[in-house]
Amino acid sequence: MVKTVIIEAHGGPEQFKFVDREVGAPGKGEIRIRHENCGLNFIDVYQRAGLYKLELPHAMGMEGAGVVEAVGEGVTHLKEGDRAAYASMPPGSYCEARVMPAAQVCKLPDAISFEQGAAMMLKGMTVVYLFQRTTPLKRGDTVLFHAAAGGVGLMACQWARSEGIRLIGTAGTDEKCRLAEENGADVCVNYRDGDWVKTVRDLTDGAGVDVVMDAVGKDTFDGSLDCLKPLGMMISFGNASGPVPPFNLATLAAKGSLRITRPTLFTHIAKHEDCQAIAAALFDKVASGEVEIRIDQRFALDDVADAQRALEARETTGQTVLTV
């Protein structure tokens with residue numbers, strides 16, 4: 001029997017319940033993994049709150065790292081005893097151990113710790129698809145990245161620096177802005193101080209940025225469009241402030257024939273070979289030292305409600321992990 005965090009109704013962190021579940025043998029295409037650490041992500045909050053609906057009751061959590069205890073028929077890229085990490089559907093990582101599909105579980109290099117593995121997979125693979133798979137980016141391009149001091153943001157700052165891409169960040173405090181700049185942002189704008197859209201336009205001599213990467217959503221969407229140069233790309237990949245309301249597509253034409261996309265990581269990693277390639281690109285960046293996995297908060301699995309409250313209140317920086 002293993003401890004597992006579930007919800008039986010959508011709502012606040014008080015909905016979390018701890019139950020003991022039996023973990024059986026993996027079936028065809030599955031593995032059993034015993035967790036050392038679990039990751040914490042905004043998608044966990046969206047699922048708990050009901051923005052992303054789950055069939056209830058449901059186990060929670062999208063990301064984890066640990067040791068493979070058993071492999072099912074047809075699994076060839078992992079074996080018993082392997083160190084492994086993942087960010088994948090279905091939810092269920094907030095637990096001591098689980099049986100799950102193997103295709104999106106990745107062998108974790110020895111140079112990367114379980115804590116790093118649990119903290120980096122969802123956010124890090126998100127950075128890979130943002131910079132490598134969503135729209136062409138080249139050395140010298142300029143990106144506006146919202147929430148640049150968050151878990152995805154700090155990795156994006158380092159990734160941009162390593163690729164020669166100018167990243168203008170935004171954050172909600174001067175301290176967070178300094179943190180983003182220390183991690184590679186060319187400059188970070190405190191969006192609580194004055195007109196951040198004007199500041200971004202001034203930083204680009206009025207031209208605008210090539211790409212906006214925005215996981216904040218409702219609060220930054222309109223301003224982000226105004227920061228883009230003609231033919232620029234808006235990548236809306238999250239809803240931290242709430243979902244983007246409906247808007248008139250003609251707005252994109254009026255603002256310079258802008259492009260927009262709403263991607264998800266799970267589309268990009270749906271195929272086994274794509275997932276493994278994206279993870280490999282991430283592992284290479286981390287192993288080379290070009291991207292550091294900064295873990296600023298640690299909570300026990302028993303304190304997962306407090307961890308999510310801190311995340312929702314934007315009291316966290318870098319990565320947060322749960323210790324099993």
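Residues numbered from 1 in each chain as written. Predicted model: local features only at pLDDT ≥ 70, side-chain atom pairs only at ≥ 80, totals over all residues. Heavy atoms only, no water.

Asks: Is there a simple way to explain the overall build of the protein chain in this structure?
Replies: Secondary structure summary: the protein chain contains ten helices and 16 strands in total. What you see for the protein chain is a C-alpha radius of gyration of 20 Å, in line with the 20 Å of a compact globule of 324 residues. Considering only C-alpha atoms, the protein chain reaches an extent of 60 × 40 × 35 Å along its principal axes. Out of the 324 residues belonging to the protein chain, those deemed buried represent 56%. Split by element, the accessible area of the protein chain, about 13400 Å² in all, is 49% carbon and sulfur. The centroid of the 34 positive side-chain charges in the protein chain is displaced by 3 Å from the centroid of its 43 negative side-chain charges. (Helix = DSSP H or I, 4+ residues; strand = E, 2+ residues; numbered from the N terminus. Rg over C-alpha atoms; globule rule 2.2 N^0.38 Å. Buried < 20%, exposed > 50% of the residue type's maximum accessible area, 1.4 Å probe, protein only. Areas by Shrake-Rupley, 256 points an atom, 1.4 Å probe, with all protein chains shown as cover. Lys, Arg positive; Asp, Glu negative; His and termini not counted. Charge placed at Lys NZ, Arg CZ, Asp CG, Glu CD.)

Asks: What is the right way to read the packing of aromatic side chains from this model?
Replies: Each aromatic ring pair is summarised here by two numbers: the centre-to-centre distance and the angle between the ring planes. Counting across every chain of the model gives five aromatic pairs. In this structure an aromatic cluster arises from ring pairing among Phe42, Tyr46 and Tyr52. Sitting over the ring of Phe114, Arg83 keeps its end group 4.5 Å from the ring centre. The ring of Trp159 is capped by Lys285, whose NZ or CZ atom sits 5.0 Å from the centre of that ring. (Phe/Tyr/Trp six-rings, centres within 6.5 Å; stacked < 30°, edge-to-face > 60°. Lys NZ or Arg CZ within 6 Å of the ring centre and 35° of its normal.)

Asks: Help me understand the pairing of strand E12 (residues 209–214), please; the structure alone is not making it clear to me.
Replies: Looking along a regular strand, one sees the side chains alternate between the two faces of the sheet. Most of E12 is tucked away: six of the six residues are buried. Here strand E9 (residues 142–145) pairs with E12 via three bridges, running parallel. For Phe145, the partnering residue across the bridge sits in E12 and is Met213. Of the pairings in the sheet, the one linking E12 to strand E13 (residues 228–236) comprises five bridges and is parallel in character. Looking at the pairing, Val212 lines up with Met234 of E13. (Pairing = 2+ DSSP bridges.)

Asks: Can you walk me through the sheet that holds strand E1 (residues 2–7) in this structure?
Replies: The strands making up a sheet associate through backbone hydrogen bonding, with each pair oriented either parallel or antiparallel. With antiparallel pairing, three strands are arranged side by side in an open sheet as E2-E1-E4. Looking at the sheet topology across the chains shown, the edges are occupied by strand E2 (16–21) and strand E4 (58–59). In the sheet, E1 pairs with E2 via six bridges, with the strands oriented antiparallel. Looking across to E2, one finds that Lys3 is bridged to Asp20.

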